Amino acid sequence: MVSKRKPDELLKFIPARDSPYTLVVVYGERSIGDFWTFPDDGTVERVLGAIAKVMPSILTLDDVKRYLESLDKPSERVNRALEAYQSLVKLREVRPGEGLPYKYEPPHLPGWKDMMIGGAIPGLKPNQRNPYFTGGTAKHYRPVINFDKCIKCSLCWEYCPDSVFDVTPDGYFNPALAYCKGCGVCAEVCPVPDTIIMVDEMEFEDGYGKYIDEYRAWKENRETYRKWFESLLPKAQVISVRKR
């Protein structure tokens, strides 16, 4: 894993497993390559260098160099791998059951008996979401809404690619965070500054905000919610969807 966090911090956000494993952390900025594009940010090279450092029986540093030298920008790529290889790679032996008490539910893949003639699968109506396609703990960022500034324009609801937002009885749009992938589209299309902000998921380690229903929390105590939102403003991330 590429992160600036310590293994014990990261473990709070990793689902528990039934078998032991080794958590390896390479110091650095994490990649957003799991979104719609694969940016050339050096993550692949750093991970290869880290594997050569901790598991030389599987992949040696010479193997990594030979592979990277066959690609474009070979010197730059090799230097990235060497940086990870020579830097302090943090390891943490993880025991069975350690981590987030989150049970992964694999998606149901319909078999041939479940499909209609021609192999078609019924689609969803506009603004409906697949109940099996949840984000779980995969997202890097979550949207946090300042309902006091919301003008109810509905753009977040219309543009969200995963139909995350539920329309409330009084016309606001509440994110169902279990389905959110953290893409940042809602924050980018929102016309009112600092109304939807994207915040690092690791800011919600415990206490208020970890499993919060944002709209409900705002309705129950607006002052507490306002102070919580303002405390997150300095931590907001700028995610430009158009640049991906």
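First, a word on scope: everything that follows refers to the structure included in this document. (Residues numbered from 1 in each chain as written. Predicted model: local features only at pLDDT ≥ 70, side-chain atom pairs only at ≥ 80, totals over all residues. Heavy atoms only, no water.)

Side note on the overall build of the protein chain
And then number 1: In terms of regular secondary structure, the protein chain is built from eight helices and eight strands.
And then number 2: Counting over 244 residues, the protein chain shows a buried share of 40%.
And then number 3: Counting contacts in the protein chain only where the partners sit at least 6 residues apart, residues at least 24 apart contribute 72% of the total.
And then number 4: Total accessible area on the protein chain is roughly 15,000 Å²; 55% of this is exposed by carbon and sulfur atoms. (Helix = DSSP H or I, 4+ residues; strand = E, 2+ residues; numbered from the N terminus. Buried < 20%, exposed > 50% of the residue type's maximum accessible area, 1.4 Å probe, protein only. Contact = heavy atoms within 4.5 Å. Areas by Shrake-Rupley, 256 points an atom, 1.4 Å probe, with all protein chains shown as cover.)

Here we look at the sheet that holds strand β4 (residues 141-145)
Strand-to-strand pairing in sheets goes through backbone hydrogen bonds, with the strands running parallel or antiparallel.
And then number 1: With antiparallel pairing, the three strands of this open sheet are ordered in space as β4-β7-β8. Here the strands that pair on one side only, and so sit at the sheet edges, are β4 and β8 (236-237).
And then number 2: As defined by bridge partners, β4 adjoins strand β7 (residues 196-200) across five bridges and the pair is classed as antiparallel. Looking at the pairing, I145 lines up with I196 of β7.
And then number 3: Its contacts with the sheet put helix α8 (residues 222-232) on β4, β7 and β8, and the angle it makes with β4 is roughly 135 degrees. (Pairing = 2+ DSSP bridges. Axes fitted to C-alpha atoms, helices over the stretch in contact; angles between N-to-C directions.)

Let's talk about the nonpolar core
And then number 1: In this structure, V144, F147, F165, Y225, W228 and L232 are the most contacted members of the largest nonpolar core, which totals 30 residues.
And then number 2: Listed by contribution, the elements that provide at least two residues to this core are β4, β7, α7 (214-220) and α8.
And then number 3: With residues up to four places along the chain from it excluded, the contact list for W228 reads V144, F204, Y208, G209 and I212. (Core = buried A, V, L, I, M, F, W, Y, C linked by side-chain atoms within 4.5 Å.)

Examining the packing of helix α2 (residues 43-54) against helix α4 (residues 74-86)
And then number 1: Packing of α2 against α4 brings their axes to within 7 Å, and their N-to-C directions diverge by 45 degrees. The angle between α2 and α4 falls in the class oblique. Once α2 is placed against α4, the crossing between them reads as right-handed. Judged by residue contacts, E45, R46, G49, A50, A52 and K53 of α2 engage R77, R80, A81, A84 and Y85 from α4.
And then number 2: Broken down by class, the residue content of the contact of α2 with α4 amounts to five nonpolar, one polar and five charged. (Parallel < 35°, antiparallel > 145°, perpendicular 65-115°, else oblique. Left-handed = near helix turned anticlockwise from the far one by under 90°. Nonpolar A, V, L, I, M, F, W, Y, C, P; charged D, E, K, R; others polar.)

Comments concerning the pairing of strand β2 (residues 21-27)
And then number 1: Of all seven residues that make up β2, five are buried, and the element is covered over most of its length.
And then number 2: The sheet contact formed by strand β1 (residues 2-3) and β2 spans two bridges and is parallel. Bridge pairing links S3 to Y27 in β2.
And then number 3: As paired strands, β2 and strand β3 (residues 90-94) are joined by five bridges and run antiparallel to one another. Each bridged residue has a counterpart across the sheet, and for Y21 the counterpart in β3 is V94.

Points about unusual backbone geometry
And then number 1: Of note in this structure, K152 is not a glycine but carries a positive phi near 60 degrees.
And then number 2: Along the chain, K152 falls in the loop between β4 and α5 (155-159).
And then number 3: Given a relative accessible area of 38%, K152 falls into the partly exposed group.
And then number 4: In the Ramachandran plot, S163 falls in the positive-phi region, its phi being about 50 degrees despite a non-glycine side chain.
And then number 5: Inspection of the secondary structure assignment puts S163 in the loop between α5 and β5 (165-167).

Quick look at empty space enclosed by the protein
And then number 1: All chains considered together, the criterion is met by three cavities of 30 Å³ or more.
And then number 2: The computed volume of the largest cavity comes to approximately 130 Å³.
And then number 3: Along the walls of the largest cavity sit 16 residues, with C150, C156, C190, T195 and I196 positioned nearest its centre.
And then number 4: Taken together, the residues that form the lining of the largest cavity break down as 13 nonpolar, two polar and one charged. (1 Å grid on protein atoms, 1.4 Å probe; cavity = no way out; pocket = protein on both sides within 12 Å on 5 of 7 lines; lining within 4 Å. Points joined across faces, edges and corners; volume = space filled by probe spheres on them.)

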